[in-house]
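So the chains spell out like this:
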Amino acid sequence: MSTTRDRRSRAASAVLVLTETRYLEQRQPSGLVAALRARGLTAHVVDPALDPGAVHLGGGVAVARGRSPAVLAALEHLEARGVTVVNRADAIRAVVDKAAMAERLAAAGVPGPATRVVARADVERVLSGGPFPMVLKPVHGDNSRGVVIVRDAAALRALRWEEPVALAQPYIEGDGRDLKLYVAGERVWAVRKASPLLDPDWRRAPAEIVPLDARLRELALDCGRPFGLALYGVDCVLGPGGPAVIEVNDFPNYSGIAEADEALAAVVAASVEPGSEVRP
């Protein structure tokens, strides 16, 4: 017969996986959930927007793939209750705001394009002097939504920018593929993927794993420290001066990384059972 202690032990070793429904057909967080269950841990998958009451299922640890208001509010609620959270809500918010993210990365000495934040009414006046080409993006957004390359002053004059604010950065000429660095705790991988700005079919393009040297590994870890992230990705462009960091994203899909599921589970399991061995 199950004792009260047994029930409490199982609850403490449960993991609450908060996600947005749009991610349930992607590799993550399904891969993480499968790896957690293979370790003998209970994993509850919840979309707080559809089932807010399920956040009270409890558990020793919560982890989120998503950045919707409902997901972030649920994380904050759990943190306030003393639940251990992998990628805290404030860390996720810090990279959702691309202007604040660029400021923190620059302050940390991370190489990347100079960033200007311009109100919609001032876009043409402030940016008309270039340098061109430049990239304009919303301060809040994901999956390259609303990002445009502005080639010259004429294109800027013709642009109808609808967002309240534009984040402007010089365009860095690469080879058409982005460098992505994926991090899970101390594990780091590097892949090359088609650029969403240049390849309309980028979602279907395969990821190519590339060698990870000490410089890329340290760059990846440097990008997580200013935010306190444990599970994250770093988008880079390989320009003439080497890798330039464009942005940091919380809990990416880890495309092309076969061992990512178990590595993610190891990070989360170490939080469930402090002091336990992290098996990559």
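All of these numbers come straight from a predicted model, not from anything done at the bench.

1. Let's talk about the overall build of the protein
Move 1: A tally of regular secondary structure across the protein gives nine helices and 13 strands.
Move 2: What you see for the protein is a C-alpha radius of gyration of 20 Å, in line with the 19 Å of a compact globule of 280 residues.
Move 3: Projected onto its principal axes, the C-alpha coordinates of the protein cover approximately 75 × 40 × 35 Å.
Move 4: Among the 280 residues that make up the protein, the fraction classed as buried is 47%.
Move 5: If you take every contact in the protein between residues at least 6 apart in sequence, the share linking residues at least 24 apart comes to 63%.
Move 6: As displayed, the protein offers around 13,400 Å² of accessible surface, 52% of which is attributable to carbon and sulfur atoms.
Move 7: The positive charge centre, built from 34 side chains, and the negative charge centre, built from 34, are 3 Å apart in the protein.

2. Things to note about unusual backbone geometry
Move 1: In this structure, Pro29 follows Gln28 across a cis peptide bond, with omega equal to 15°.
Move 2: Its place among the elements puts Pro29 in helix α2 (residues 27-38).
Move 3: With omega at 5°, the peptide bond leading from Gly130 into Pro131 counts as cis.
Move 4: Residue Phe251 is not a glycine yet carries a positive backbone phi of 35°.
Move 5: One can find Phe251 in the loop between β13 (242-250) and α9 (260-272).
Move 6: Classification of Phe251 as buried rests on a relative accessible area of 1%.
Move 7: Of note in the backbone geometry, Tyr254 takes a positive phi value of approximately 55° without being a glycine.
Move 8: Checked against the element boundaries, Tyr254 lands in the loop between β13 and α9.
Move 9: Using a relative accessible area of 0% as the deciding quantity, one classes Tyr254 as buried.

3. Notes on the confidence of the model for the protein
Move 1: When pLDDT is averaged along the protein, the result is 88, and 90% of the positions lie at 70 or above.
Move 2: Mean pLDDT values for the elements of the protein range from 42 in helix α1 (residues 4-12) up to 97 in helix α8 (residues 214-224).
Move 3: Across residues 1-11, confidence stays below pLDDT 50; counting only partners more than four residues off in sequence or on other chains, it has five contacts.
Move 4: In the model, residues 275-280 has pLDDT below 50 throughout and makes eleven contacts with residues more than four positions away in sequence or in other chains.

4. Overview of the sheet that holds strand β4 (residues 84-86)
Move 1: On the basis of which strands lie adjacent, the open sheet formed by four strands has the order β2-β1-β3-β4 and parallel pairing. For this open sheet the edge positions go to β2 (43-46) and β4, each flanked by a neighbour on one side alone. Pairwise comparison of adjacent strand axes, ignoring direction, gives a mean angle of 25° for this sheet.
Move 2: Relative to β2, strand β1 (residues 15-19) runs parallel, the two sharing four bridges. Following the sheet pairing, Val17 is matched in β2 by Val45.
Move 3: Running at roughly 160° to β2, α2 makes contact with β1, β2 and β3 (61-65) of the sheet.
Move 4: Helix-sheet contacts for helix α3 (residues 69-80) involve β1, β3 and β4, and the interaxial angle to β1 is about 155°.

5. Quick word on the pattern of salt bridges
Move 1: Considering all chains together, one arrives at 19 salt bridges under this definition.
Move 2: Among the salt bridges present, the one from Arg192 reaches Asp175, with a minimum N-O distance of 2.7 Å. Of this pair, Arg192 sits in strand β10 (residues 187-194) while Asp175 sits in the loop between β8 (165-170) and β9 (177-184), placing them 17 residues apart in sequence.
Move 3: Beyond isolated ion pairs, a larger network of salt bridges with shared partners links Glu79, Arg88 and Asp90.

6. Concerning the packing of aromatic side chains
Move 1: Applying the stated criterion across every chain yields a total of three aromatic pairs.
Move 2: Ring plane angle 45° and centroid distance 5.3 Å describe the contact between Tyr182 and Tyr254, whose orientation is recorded as tilted. Of the two residues, Tyr182 is situated in strand β9 and Tyr254 in the loop between β13 and α9; the sequence distance between them amounts to 72 residues. Exposure class is identical for Tyr182 and Tyr254. Each is buried.
Move 3: Taking the centre distance of 6.2 Å and the plane angle of 70° together, the rings of Phe251 and Tyr254 count as edge-to-face.
Move 4: Clustering of aromatic rings is evident, with ring pairs tying together Tyr182, Trp189, Phe251 and Tyr254.
Move 5: Over the face of the ring belonging to Tyr23 we find Arg65, whose NZ or CZ atom lies 3.9 Å from the ring centre.
Move 6: Over the face of the ring belonging to Tyr171 we find Arg151, whose NZ or CZ atom lies 5.3 Å from the ring centre.

What counts, and at which threshold
- Each chain has its residues counted from 1, running along the sequence as written.
- Predicted model: local features are reported for residues with pLDDT of at least 70 only, side-chain atom pairs are reported and counted for 80 or more only, and whole-chain, interface and lining totals are derived from all residues.
- Each side-chain value is derived from all of the structure's non-hydrogen atoms; neither hydrogens nor water enter the calculation.
- A run of H or I in DSSP becomes a helix once it reaches four residues, and a run of E becomes a strand once it reaches two; helices and strands are each numbered from the N terminus.
- Every radius of gyration here is taken over C-alpha atoms, with the globule rule written as 2.2 Å times N^0.38, N being the number of residues.
- Residue exposure (1.4 Å probe, protein chains only): buried if accessible area is under 20% of the type maximum, exposed if over 50%, otherwise partly exposed.
- By definition in these notes, contact holds between two residues if any of their heavy atoms fall within 4.5 Å.
- Using a 1.4 Å probe, accessible areas were evaluated by the Shrake-Rupley method; residue-level cover was limited to the displayed protein chains.
- Just so you know, the count uses Lys and Arg for positive and Asp and Glu for negative, and it drops His and the chain ends.
- By convention, the charge on Lys lies at NZ, on Arg at CZ, on Asp at CG and on Glu at CD.
- Every residue is assigned a pLDDT by the predictor, reflecting its confidence on a scale from 0 to 100.
- By definition, two strands form a pair when at least two bridges between them are found by DSSP.
- Helix axes are fitted to C-alpha atoms over the stretch in contact, other axes to C-alpha atoms as well, and angles between N-to-C directions run from 0 to 180 degrees.
- Should a side-chain nitrogen of Lys or Arg be within 4 Å of a carboxyl oxygen of Asp or Glu, the pair is scored as a salt bridge.
- Think of it this way: a Phe, Tyr or Trp ring, Trp meaning its six-membered ring, pairs with another when their centres are within 6.5 Å, and the plane angle makes it stacked under 30 degrees, edge-to-face over 60, tilted otherwise.
- For a Lys NZ or an Arg CZ to count as sitting over a ring, it must be within 6 Å of the ring centre and within 35 degrees of the ring normal.

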